[in-house]
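Residues per chain, in single letters:
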Amino acid sequence: MNGITLVLIARNEEAVIARCLASARPWVDRLLVLDTGSTDATAALARDTGAVVEHFAWIDDFAAARNRALDLADADWNLVLDADEWLTDGGPALAALRTTAPSFVGAIRIDSDVNADGARASSWISRVLPRGVRYEGRVHEQPVHALETRRLPVHVGHDGYRPQALVAKRGRNAALLGRALQDAPGDGYLLYQLGKDHSVYERYAQAADCFERAAPALRAGDPCLHDLVLRRLFALKKCGRHEEAVTLAETQMATWHDSPDFWFTLGDLLLDWSCEQPERASELLPMIEASWQRCLEIGERPDLEGAVHGRGSVLAANNLAVLRAGTARIEAARGLGARATAGLFK
């Protein structure tokens, strides 16, 4: 029988840590929290929820903290979560690991709240680690291994991108990523993550630059390329660089032909362009409609990195309804004007 431990590093997470621990407790054998310097009730709340709490002096290195926690856990299987995450589905799949040989790395789906309106985006991240696998990376650390990676039917909620949480984290990751890039200049994954940080904090010009540099540095087939393209198009749109963004979309269309997120983002980009240049509206509106219609033809694709829930269904349908209603009003107004000009109304 293999043991399963929830492994978590935390600092000043009193508002959320009990939720995280309680969600996983029925499905694992042990809860281990490595506190990296809390000045609030994080450690006490973790103990009250049944966790073993250890301590570690923070050295601006997430991998170092994760690895210390894994050393202390010393488990056959390790479920690695953050305090602002919680298990929403898949507990039985975790429990089944007790009779599964720890010979692979498990990827689980993280569903993140991406704005105050409740929109959620999905990422598949390797978070179920067998004994011996360790992390590398000062920030946005990754497990290093040569094992097979399997997607497990385990879903986790995450609200660390909500506005209040982002205020608390402002500047932290960008500084760590900057230091990491000094050690590994041109690293595609680090540039992608730095671009995400710039985008989250609305530094869109810097985000677009990072994404442009990251794209050729990532290996073909890297899952994060999907999210990178979406974020790069959005950043270019926010910078008013519509024509450049459309040219980029044309180069990516064949690759992401079956991504509702790609077509949703393209429709949004074209709509913004038509608002900036109304003289192009008659040319762009059919393309916008076709883009969002394509979303509905594809349907939801939560398997793609960065997929936003609803872009293959309700969000695209709502956009189409608004677009068609607006177009109908424009056509009606044009018809009214033509009839008035013809002297039908006196």
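Because the structure is predicted, anything quoted here is derived from the model rather than measured.

Participant: Got a minute to help me understand the pattern of salt bridges in this structure?
Facilitator: Pairing is possible between side chains of opposite charge, provided their charged atoms come close. Counting across every chain of the model gives 25 salt bridges. Between Asp29 and Arg98 there is a salt bridge, with its nearest N and O atoms 2.9 Å apart. Of this pair, Asp29 sits in the loop between α1 (17–24) and β2 (30–35) while Arg98 sits in the loop between α4 (91–95) and β6 (104–113), and the two are 69 residues apart along the sequence. Look at Asp29 and you get partly exposed, because its relative accessible area is 46%. Between Asp268 and Lys237 there is a salt bridge, with its nearest N and O atoms 2.7 Å apart. Placement of the pair is Asp268 in helix α11 (residues 260–276) and Lys237 in helix α9 (residues 224–238), with a sequence separation of 31 residues. Owing to a relative accessible area of 25%, Asp268 belongs among the partly exposed residues under this scheme. Each of Arg66, Asp82, Glu85, Arg127 and Glu141 takes part in salt bridges that share partners, so that together they form one network.

Participant: Please explain the packing of α11 against helix α12 (residues 281–298) as it appears in this structure.
Facilitator: Two quantities define a packed helix pair, namely the angle between the axes and the distance from one axis to the other. Contact pair α11 / α12: the axes reach a minimum separation of 8 Å and the direction vectors enclose 160 degrees. The angle between α11 and α12 places the two elements in the roughly antiparallel class. Crossing handedness for the pair α11 and α12: left-handed. Where α11 approaches α12, its residues Pro260, Trp263, Phe264, Leu266, Gly267, Asp268, Leu270, Leu271, Trp273 and Ser274 are matched on the opposing element by Ala281, Leu284, Met287, Ile288, Ser291, Trp292, Arg294, Cys295 and Ile298. Of the residues assigned to the contact of α11 with α12, the class counts are 14 nonpolar, three polar and two charged.

About the thresholds
- Residues numbered from 1 in each chain as written.
- Predicted model: local features only at pLDDT ≥ 70, side-chain atom pairs only at ≥ 80, totals over all residues.
- Heavy atoms only, no water.
- Salt bridge = Lys/Arg side-chain N within 4 Å of Asp/Glu carboxyl O.
- Helix = DSSP H or I, 4+ residues; strand = E, 2+ residues; numbered from the N terminus.
- Buried < 20%, exposed > 50% of the residue type's maximum accessible area, 1.4 Å probe, protein only.
- Axes fitted to C-alpha atoms, helices over the stretch in contact; angles between N-to-C directions.
- Parallel < 35°, antiparallel > 145°, perpendicular 65-115°, else oblique.
- Left-handed = near helix turned anticlockwise from the far one by under 90°.
- Contact = heavy atoms within 4.5 Å.
- Nonpolar A, V, L, I, M, F, W, Y, C, P; charged D, E, K, R; others polar.

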